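Observations on chain architecture
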Amino acid sequence: MSIVEYFSAEDVAWQNNAPCATADFDFIPDTETDEEAATAEERWCRTCPARTRCLAWAMLHRAEGYWGGTTTYQRDQLRRVRTRAKCPICQATELVYADPHELCLACGVSWIRDVREEPIAATPLPQTAA
């Protein structure tokens, strides 16, 4: 079974046992805020037994809103292929590298590491006349 089949868009039965299933909270708001993300994380996501599956499903299907204790922006950052000094979710520096993956020991999030031989150079800023 492939990962796509395991986390199909139609199979969301795992949501039934999640604490957020009966919550009176907008998990897919028009505008995401840090305050609402913190509220979702603290009240529902932190102790949720479906958190890992929720996050994996949202990553795979590019869902918007608060999923698995993350925001859309945080998941977009996790999708980027690069080597990190800190976890994009909890900012911890305790990372394990198992080529090509990186794993945060503090929160358990993992991502694919940048495997390019040469780092991408930043585009220089245009010079302004002084």
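Bear in mind that the values here come from a model prediction, so they are computed numbers and not experimental data.

This part takes up the pairing of strand β1 (residues 95-98). Both β1 and strand β2 (residues 101-104) contribute to a ladder of four bridges, which runs antiparallel. Across the sheet, residue Ala-98 finds its bridge partner in β2, namely His-101. Hairpin connection from β1 to β2: two residues lie between these consecutive antiparallel strands.

The tally for this structure, following the rule as stated, stands at six aromatic pairs. Arranged with centres 4.8 Å apart and planes meeting at 70°, the rings of Phe-25 and Phe-27 form a pair that is edge-to-face. Each ring, one from Phe-27 and one from Trp-44, has its centre 5.3 Å from the other, and the planes form 70°; the classification is edge-to-face. Taken together, the positions of Phe-27 in the loop between α1 (3-6) and α2 (34-45) and Trp-44 in helix α2 put the pair 17 residues apart, joining distant regions of the chain. Given the relative accessible area of 13%, Phe-27 is considered buried. Judged by relative accessible area, Trp-44 falls into the buried class, the value being 10%. Connected via pairs of aromatic rings, a cluster forms that spans Phe-25, Phe-27, Trp-44 and Tyr-66.

All right, on to the sheet that holds strand β3 (residues 110-112) then. Hydrogen bonds along the backbone pair up the strands of a sheet, which may run parallel or antiparallel. Pairing in this open sheet of three strands is antiparallel, and the strands run β1-β2-β3 from one edge to the other. Edge positions in the sheet fall to β1 and β3, since each has one partner strand and no second. On average, each strand axis in the sheet is inclined to that of its neighbour by 20°, with strand direction left out of account. Both β2 and β3 contribute to a ladder of three bridges, which runs antiparallel. Bridge pairing links His-101 to Ile-112 in β3.

A separate point is the environment of Asp-11. Within the secondary structure, Asp-11 sits in the loop between α1 and α2. Residue classification places Asp-11 among the partly exposed positions, given a relative accessible area of 34%. Put simply, Asp-11 and Trp-57 are 46 residues apart on the chain and 9.7 Å apart in space, counted from C-alpha to C-alpha.

Where nonpolar side chains cluster on the molecular surface, the patch consists of Val-96, Leu-103 and Leu-105 and spans about 240 Å² of accessible area. Summarising the element assignment, Leu-103 is placed in strand β2.

It is worth spelling out the environment of Gln-91 at this point. Summarising the element assignment, Gln-91 is placed in the loop between α4 (72-79) and β1. In sequence terms Gln-91 and Cys-104 are 13 residues apart; their C-alpha atoms lie 9.2 Å from each other.

On to the pattern of salt bridges. The full count for this structure, using the stated rule, is two salt bridges. With a closest N to O distance of 3.6 Å, Glu-41 and Arg-46 form a salt bridge. A relative accessible area of 17% places Glu-41 in the buried class. On the accessibility criterion, Arg-46 (51% relative accessible area) is exposed. Salt bridges linked by common partners bring Glu-41, Arg-46 and Arg-51 together as one network.

Conventions adopted
- Residues numbered from 1 in each chain as written.
- Predicted model: local features only at pLDDT ≥ 70, side-chain atom pairs only at ≥ 80, totals over all residues.
- Heavy atoms only, no water.
- Pairing = 2+ DSSP bridges.
- Helix = DSSP H or I, 4+ residues; strand = E, 2+ residues; numbered from the N terminus.
- Phe/Tyr/Trp six-rings, centres within 6.5 Å; stacked < 30°, edge-to-face > 60°.
- Buried < 20%, exposed > 50% of the residue type's maximum accessible area, 1.4 Å probe, protein only.
- Axes fitted to C-alpha atoms, helices over the stretch in contact; angles between N-to-C directions.
- Patch = residues over 30% accessible without salt bridge, like charges linked within 9 Å, V, L, I, M, F, W, Y side chains within 5 Å.
- Areas by Shrake-Rupley, 256 points an atom, 1.4 Å probe, with all protein chains shown as cover.
- Salt bridge = Lys/Arg side-chain N within 4 Å of Asp/Glu carboxyl O.

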